[in-house]
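Letter by letter, the chains look like this.
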Amino acid sequence: MAEIVKKKLWPKFLSLFLAIMMITGTVVYGSWAASAPVGVVKIASLATAGEDGIESEEDAMAKAIVAAAPYVDLSEKNIATFDVAEAKKGGLSDSEIDFVIIYIEMQNQLMESLNKGALDQGLDEKMSKQFEPFFRRAARRGLQDIPKNKKAVDTSAMVAMALPIACGGSSERPHPCPPRLSTSFTSTSRANVVARLIYLGYHKTLDYACGGNQNDYSVVVSAYSCNNGPFRRQAIISGSGTRWTYTTQSPEPNPELTLYTWPAYWWGGYVRWWHLDYC
(Lines give C-alpha, C1' and ligand atoms only; values in the text may rest on other atoms or scores of the structure.)
Protein backbone atom coordinates (compact mmCIF):
# COMPACT_ATOMS: atom_id res chain seq x y z
CA MET A 1 0.00 0.00 0.00
CA ALA A 2 2.81 2.43 0.87
CA GLU A 3 4.42 1.88 -2.54
CA ILE A 4 1.13 2.62 -4.32
CA VAL A 5 0.63 5.83 -2.38
CA LYS A 6 4.17 6.98 -3.16
CA LYS A 7 3.67 6.41 -6.87
CA LYS A 8 0.44 8.40 -6.86
CA LEU A 9 1.58 11.30 -4.69
CA TRP A 10 5.23 11.80 -5.72
CA PRO A 11 4.61 13.50 -9.10
CA LYS A 12 2.23 15.99 -7.44
CA PHE A 13 4.63 16.54 -4.56
CA LEU A 14 7.57 17.14 -6.91
CA SER A 15 5.61 19.71 -8.92
CA LEU A 16 4.54 21.53 -5.74
CA PHE A 17 8.06 21.41 -4.31
CA LEU A 18 9.61 22.80 -7.48
CA ALA A 19 7.01 25.57 -7.63
CA ILE A 20 7.84 26.61 -4.06
CA MET A 21 11.56 26.67 -4.88
CA MET A 22 10.97 28.90 -7.89
CA ILE A 23 9.16 31.39 -5.68
CA THR A 24 11.42 31.33 -2.64
CA GLY A 25 14.75 30.84 -4.38
CA THR A 26 15.50 27.76 -2.30
CA VAL A 27 18.78 26.04 -3.13
CA VAL A 28 18.77 22.31 -3.79
CA TYR A 29 21.14 20.54 -1.41
CA GLY A 30 22.51 17.03 -1.42
CA SER A 31 20.93 16.34 2.00
CA TRP A 32 17.48 16.80 0.48
CA ALA A 33 18.38 14.71 -2.53
CA ALA A 34 19.51 11.84 -0.34
CA SER A 35 16.17 11.50 1.43
CA ALA A 36 13.68 12.22 -1.35
CA PRO A 37 12.33 9.63 -3.80
CA VAL A 38 13.91 9.84 -7.23
CA GLY A 39 11.59 11.64 -9.63
CA VAL A 40 11.37 11.37 -13.37
CA VAL A 41 11.50 14.36 -15.69
CA LYS A 42 9.91 14.12 -19.11
CA ILE A 43 13.14 14.70 -20.99
CA ALA A 44 11.31 15.20 -24.27
CA SER A 45 9.91 18.46 -22.88
CA LEU A 46 13.43 19.91 -23.12
CA ALA A 47 13.37 19.80 -26.92
CA THR A 48 12.73 23.16 -28.56
CA ALA A 49 12.11 24.32 -32.09
CA GLY A 50 15.22 25.58 -33.84
CA GLU A 51 16.15 26.65 -37.33
CA ASP A 52 16.26 23.02 -38.42
CA GLY A 53 13.17 21.92 -36.52
CA ILE A 54 13.06 20.19 -33.14
CA GLU A 55 16.51 19.70 -31.63
CA SER A 56 17.54 16.25 -30.53
CA GLU A 57 17.05 14.92 -27.02
CA GLU A 58 20.80 14.65 -26.43
CA ASP A 59 21.38 18.26 -27.54
CA ALA A 60 18.56 19.51 -25.30
CA MET A 61 20.05 17.65 -22.34
CA ALA A 62 23.54 18.98 -23.05
CA LYS A 63 22.29 22.57 -23.32
CA ALA A 64 20.54 22.30 -19.95
CA ILE A 65 23.62 20.80 -18.28
CA VAL A 66 25.97 23.47 -19.65
CA ALA A 67 23.57 26.37 -19.00
CA ALA A 68 23.23 25.35 -15.34
CA ALA A 69 26.99 25.13 -14.69
CA PRO A 70 27.46 28.68 -13.30
CA TYR A 71 24.80 27.97 -10.65
CA VAL A 72 26.13 24.65 -9.36
CA ASP A 73 28.76 24.25 -6.65
CA LEU A 74 30.52 21.06 -5.55
CA SER A 75 31.49 20.25 -1.97
CA GLU A 76 34.79 18.60 -1.07
CA LYS A 77 32.99 15.26 -1.29
CA ASN A 78 31.57 16.11 -4.73
CA ILE A 79 28.03 16.72 -3.51
CA ALA A 80 26.37 19.29 -5.79
CA THR A 81 24.34 22.34 -4.78
CA PHE A 82 22.12 24.04 -7.37
CA ASP A 83 21.01 27.69 -6.95
CA VAL A 84 17.57 27.52 -8.54
CA ALA A 85 16.71 31.20 -8.07
CA GLU A 86 19.86 32.41 -9.84
CA ALA A 87 19.45 29.83 -12.59
CA LYS A 88 15.97 31.16 -13.29
CA LYS A 89 17.34 34.72 -13.41
CA GLY A 90 20.00 33.44 -15.80
CA GLY A 91 17.38 32.38 -18.30
CA LEU A 92 17.02 28.65 -17.76
CA SER A 93 13.54 27.38 -18.55
CA ASP A 94 11.41 25.54 -16.01
CA SER A 95 11.93 22.26 -17.87
CA GLU A 96 15.72 22.76 -17.91
CA ILE A 97 15.73 23.53 -14.19
CA ASP A 98 13.58 20.48 -13.44
CA PHE A 99 15.95 18.33 -15.50
CA VAL A 100 19.08 19.58 -13.71
CA ILE A 101 17.45 19.14 -10.29
CA ILE A 102 16.70 15.49 -10.98
CA TYR A 103 20.18 14.90 -12.43
CA ILE A 104 21.85 16.40 -9.36
CA GLU A 105 19.46 14.62 -7.00
CA MET A 106 20.34 11.21 -8.44
CA GLN A 107 24.07 11.93 -8.66
CA ASN A 108 24.15 13.19 -5.05
CA GLN A 109 22.45 10.04 -3.82
CA LEU A 110 24.99 7.98 -5.75
CA MET A 111 27.93 9.92 -4.32
CA GLU A 112 26.65 9.72 -0.76
CA SER A 113 26.66 5.95 -1.06
CA LEU A 114 30.16 5.95 -2.61
CA ASN A 115 31.47 8.23 0.13
CA LYS A 116 30.41 5.48 2.54
CA GLY A 117 32.35 2.93 0.50
CA ALA A 118 29.27 1.31 -1.03
CA LEU A 119 27.54 1.41 -4.40
CA ASP A 120 23.80 1.67 -4.97
CA GLN A 121 23.68 -0.61 -8.01
CA GLY A 122 20.02 0.04 -8.73
CA LEU A 123 20.44 3.82 -8.72
CA ASP A 124 23.65 3.50 -10.71
CA GLU A 125 21.85 1.63 -13.49
CA LYS A 126 18.77 3.90 -13.37
CA MET A 127 20.83 7.06 -13.76
CA SER A 128 22.88 5.59 -16.60
CA LYS A 129 19.70 4.68 -18.47
CA GLN A 130 17.75 7.89 -17.85
CA PHE A 131 20.54 10.26 -18.91
CA GLU A 132 22.18 8.07 -21.53
CA PRO A 133 21.54 10.46 -24.47
CA PHE A 134 23.56 13.19 -22.71
CA PHE A 135 26.30 10.79 -21.64
CA ARG A 136 26.70 9.42 -25.16
CA ARG A 137 26.92 12.94 -26.56
CA ALA A 138 29.61 13.91 -24.05
CA ALA A 139 31.60 10.78 -24.92
CA ARG A 140 31.23 10.87 -28.69
CA ARG A 141 30.80 14.55 -29.59
CA GLY A 142 31.82 16.50 -26.51
CA LEU A 143 30.27 19.80 -25.42
CA GLN A 144 32.43 22.33 -27.26
CA ASP A 145 29.63 23.27 -29.63
CA ILE A 146 27.09 23.92 -26.86
CA PRO A 147 26.75 27.68 -26.29
CA LYS A 148 27.51 28.90 -22.77
CA ASN A 149 24.91 30.80 -20.77
CA LYS A 150 25.33 34.40 -21.97
CA LYS A 151 23.08 35.73 -19.18
CA ALA A 152 25.29 34.39 -16.39
CA VAL A 153 26.50 37.19 -14.12
CA ASP A 154 29.38 35.27 -12.51
CA THR A 155 32.03 35.53 -15.23
CA SER A 156 34.59 33.62 -13.15
CA ALA A 157 32.25 30.63 -13.18
CA MET A 158 31.95 30.86 -16.94
CA VAL A 159 35.73 30.92 -17.34
CA ALA A 160 35.93 27.82 -15.14
CA MET A 161 33.61 26.04 -17.56
CA ALA A 162 36.35 26.04 -20.20
CA LEU A 163 38.11 23.20 -18.39
CA PRO A 164 35.05 20.94 -17.96
CA ILE A 165 34.09 21.33 -21.60
CA ALA A 166 37.64 20.44 -22.66
CA CYS A 167 37.55 17.40 -20.37
CA GLY A 168 34.25 16.55 -21.99
CA GLY A 169 36.06 16.32 -25.29
CA SER A 170 34.88 17.49 -28.66
CA SER A 171 34.14 16.03 -32.06
CA GLU A 172 37.90 16.05 -32.65
CA ARG A 173 38.75 14.84 -29.14
CA PRO A 174 36.05 12.49 -27.87
CA HIS A 175 36.31 10.02 -25.01
CA PRO A 176 36.45 6.78 -26.97
CA CYS A 177 36.75 3.35 -25.42
CA PRO A 178 40.52 2.82 -25.70
CA PRO A 179 41.90 -0.54 -26.81
CA ARG A 180 43.23 -2.95 -24.22
CA LEU A 181 46.95 -3.45 -24.80
CA SER A 182 49.10 -6.39 -23.81
CA THR A 183 52.51 -5.94 -22.23
CA SER A 184 55.78 -7.75 -22.69
CA PHE A 185 56.20 -8.09 -18.93
CA THR A 186 55.61 -11.62 -17.61
CA SER A 187 56.48 -13.28 -14.33
CA THR A 188 56.24 -16.60 -12.58
CA SER A 189 54.06 -15.15 -9.79
CA ARG A 190 51.17 -12.76 -9.37
CA ALA A 191 53.02 -11.04 -6.51
CA ASN A 192 55.78 -10.01 -8.90
CA VAL A 193 53.26 -8.43 -11.26
CA VAL A 194 51.72 -6.51 -8.36
CA ALA A 195 55.18 -5.32 -7.32
CA ARG A 196 55.85 -4.20 -10.89
CA LEU A 197 52.63 -2.17 -11.01
CA ILE A 198 53.28 -0.55 -7.62
CA TYR A 199 56.76 0.40 -8.84
CA LEU A 200 55.16 2.05 -11.90
CA GLY A 201 52.88 4.13 -9.67
CA TYR A 202 49.71 2.04 -9.78
CA HIS A 203 47.50 1.31 -6.76
CA LYS A 204 44.75 -1.21 -6.15
CA THR A 205 41.53 0.26 -7.54
CA LEU A 206 38.89 0.95 -4.88
CA ASP A 207 36.34 -1.86 -4.72
CA TYR A 208 33.31 0.27 -5.63
CA ALA A 209 35.11 1.43 -8.78
CA CYS A 210 35.92 -2.05 -10.09
CA GLY A 211 33.25 -4.33 -8.73
CA GLY A 212 35.66 -5.71 -6.15
CA ASN A 213 38.03 -7.11 -8.78
CA GLN A 214 41.29 -7.77 -6.93
CA ASN A 215 43.23 -7.73 -10.21
CA ASP A 216 42.22 -4.16 -11.10
CA TYR A 217 44.88 -1.44 -10.64
CA SER A 218 44.90 2.28 -11.50
CA VAL A 219 47.29 5.16 -12.02
CA VAL A 220 46.25 8.77 -12.72
CA VAL A 221 47.20 10.17 -16.15
CA SER A 222 46.75 13.50 -17.92
CA ALA A 223 44.33 13.51 -20.85
CA TYR A 224 42.02 15.87 -22.75
CA SER A 225 43.57 18.95 -21.09
CA CYS A 226 42.74 17.61 -17.61
CA ASN A 227 45.07 16.25 -14.94
CA ASN A 228 45.25 15.46 -11.21
CA GLY A 229 42.57 12.81 -11.23
CA PRO A 230 39.84 12.84 -13.90
CA PHE A 231 41.57 10.20 -16.07
CA ARG A 232 43.42 7.00 -15.32
CA ARG A 233 45.32 4.13 -16.91
CA GLN A 234 43.86 0.81 -15.87
CA ALA A 235 45.90 -2.39 -15.49
CA ILE A 236 44.33 -5.83 -15.19
CA ILE A 237 46.42 -8.70 -13.89
CA SER A 238 45.86 -12.07 -15.50
CA GLY A 239 47.48 -15.47 -15.48
CA SER A 240 47.70 -18.75 -13.60
CA GLY A 241 50.29 -21.18 -12.36
CA THR A 242 53.75 -19.86 -13.19
CA ARG A 243 52.83 -17.41 -15.94
CA TRP A 244 51.43 -13.98 -15.00
CA THR A 245 51.16 -10.67 -16.85
CA TYR A 246 48.91 -7.63 -17.17
CA THR A 247 47.11 -5.57 -19.81
CA THR A 248 46.41 -1.83 -19.83
CA GLN A 249 43.68 0.48 -21.06
CA SER A 250 44.21 4.24 -21.25
CA PRO A 251 43.10 6.95 -20.97
CA GLU A 252 39.66 6.45 -19.47
CA PRO A 253 37.52 8.53 -17.09
CA ASN A 254 38.64 7.72 -13.56
CA PRO A 255 35.95 5.68 -11.71
CA GLU A 256 37.48 6.41 -8.27
CA LEU A 257 35.13 9.36 -7.91
CA THR A 258 35.83 10.01 -4.23
CA LEU A 259 39.58 10.55 -4.69
CA TYR A 260 39.76 13.72 -6.78
CA THR A 261 38.07 17.02 -7.55
CA TRP A 262 35.76 16.69 -10.53
CA PRO A 263 36.28 18.92 -13.56
CA ALA A 264 32.51 19.44 -13.89
CA TYR A 265 29.47 18.99 -11.67
CA TRP A 266 27.97 16.31 -13.95
CA TRP A 267 31.17 14.24 -14.04
CA GLY A 268 30.14 11.57 -11.52
CA GLY A 269 27.07 10.35 -13.37
CA TYR A 270 28.91 10.44 -16.68
CA VAL A 271 31.86 8.39 -15.42
CA ARG A 272 29.60 5.74 -13.88
CA TRP A 273 27.73 5.41 -17.20
CA TRP A 274 30.98 5.28 -19.20
CA HIS A 275 32.17 2.25 -17.25
CA LEU A 276 28.77 0.61 -16.77
CA ASP A 277 27.36 0.82 -20.29
CA TYR A 278 29.89 2.29 -22.72
CA CYS A 279 33.31 0.69 -22.28
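What about the overall build of the protein?
Next up, step 1: In terms of helices and strands, the protein carries 12 helices and 10 strands.
Next up, step 2: Taking the intrachain contacts of the protein between residues at least 6 apart in sequence as the baseline, contacts between residues at least 24 apart amount to 65%.

With respect to the state of the cysteines
Here, disulfide denotes a covalent bond that connects the sulfur atoms of two cysteines.
Next up, step 1: One pass over the full model with this rule turns up 1 disulfide.
Next up, step 2: In this model cysteine 177 forms its disulfide with cysteine 279; the gap between the sulfur atoms is 1.9 Å. Around the S-S axis, the bridge from cysteine 177 to cysteine 279 shows a dihedral of about 60 degrees and counts as right-handed. Of this pair, cysteine 177 sits in the loop between α9 (162-167) and β6 (180-187) while cysteine 279 sits in the segment after α12 (267-278), placing them 102 residues apart in sequence.

Considerations on unusual backbone geometry
Next up, step 1: Look at the link from serine 250 to proline 251: it is a cis peptide, with omega at -10 degrees.
Next up, step 2: Position of proline 251 among the secondary structure elements: in strand β10 (residues 243-253).
Next up, step 3: In this structure, asparagine 78 takes a positive phi of about 60 degrees despite not being glycine.
Next up, step 4: Located in the positive-phi region is asparagine 228, a residue other than glycine, with phi close to 65 degrees.
Next up, step 5: Position of asparagine 228 relative to the elements: it lies in strand β9 (residues 226-240).
Next up, step 6: With a relative accessible area of 66%, asparagine 228 lands in the exposed category.

Regarding the nonpolar core
Next up, step 1: One finds Phe82, Phe134, Leu257, Tyr265, Trp266, Trp267 and Tyr270 to be the most contacted residues of the largest nonpolar core, which totals 65 residues.
Next up, step 2: When residues in this core are grouped by element, the largest group, 11 residues, is from helix α5 (residues 94-114).
Next up, step 3: Sequence-distant contacts of leucine 257, defined by excluding residues within four places in its chain, comprise Asn78, Met111, Leu114, Tyr208, Trp262, Trp267, Gly268, Val271 and Arg272.

Notes on the packing of aromatic side chains
Next up, step 1: Within the structure shown, the criterion is met by 18 aromatic pairs.
Next up, step 2: Here the aromatic rings of tyrosine 103 and phenylalanine 134 are separated by 6.4 Å at their centres, their planes lie at 90 degrees, and the arrangement is edge-to-face. In this pair, tyrosine 103 sits in helix α5 while phenylalanine 134 sits in helix α7 (residues 132-140), placing the two residues 31 residues apart along the sequence. Each member of the pair, tyrosine 103 as well as phenylalanine 134, is classed as buried.

Rules and cut-offs
- Residues numbered from 1 in each chain as written.
- Predicted model: local features only at pLDDT ≥ 70, side-chain atom pairs only at ≥ 80, totals over all residues.
- Heavy atoms only, no water.
- Helix = DSSP H or I, 4+ residues; strand = E, 2+ residues; numbered from the N terminus.
- Contact = heavy atoms within 4.5 Å.
- Disulfide = S-S within 2.5 Å.
- Buried < 20%, exposed > 50% of the residue type's maximum accessible area, 1.4 Å probe, protein only.
- Core = buried A, V, L, I, M, F, W, Y, C linked by side-chain atoms within 4.5 Å.
- Phe/Tyr/Trp six-rings, centres within 6.5 Å; stacked < 30°, edge-to-face > 60°.

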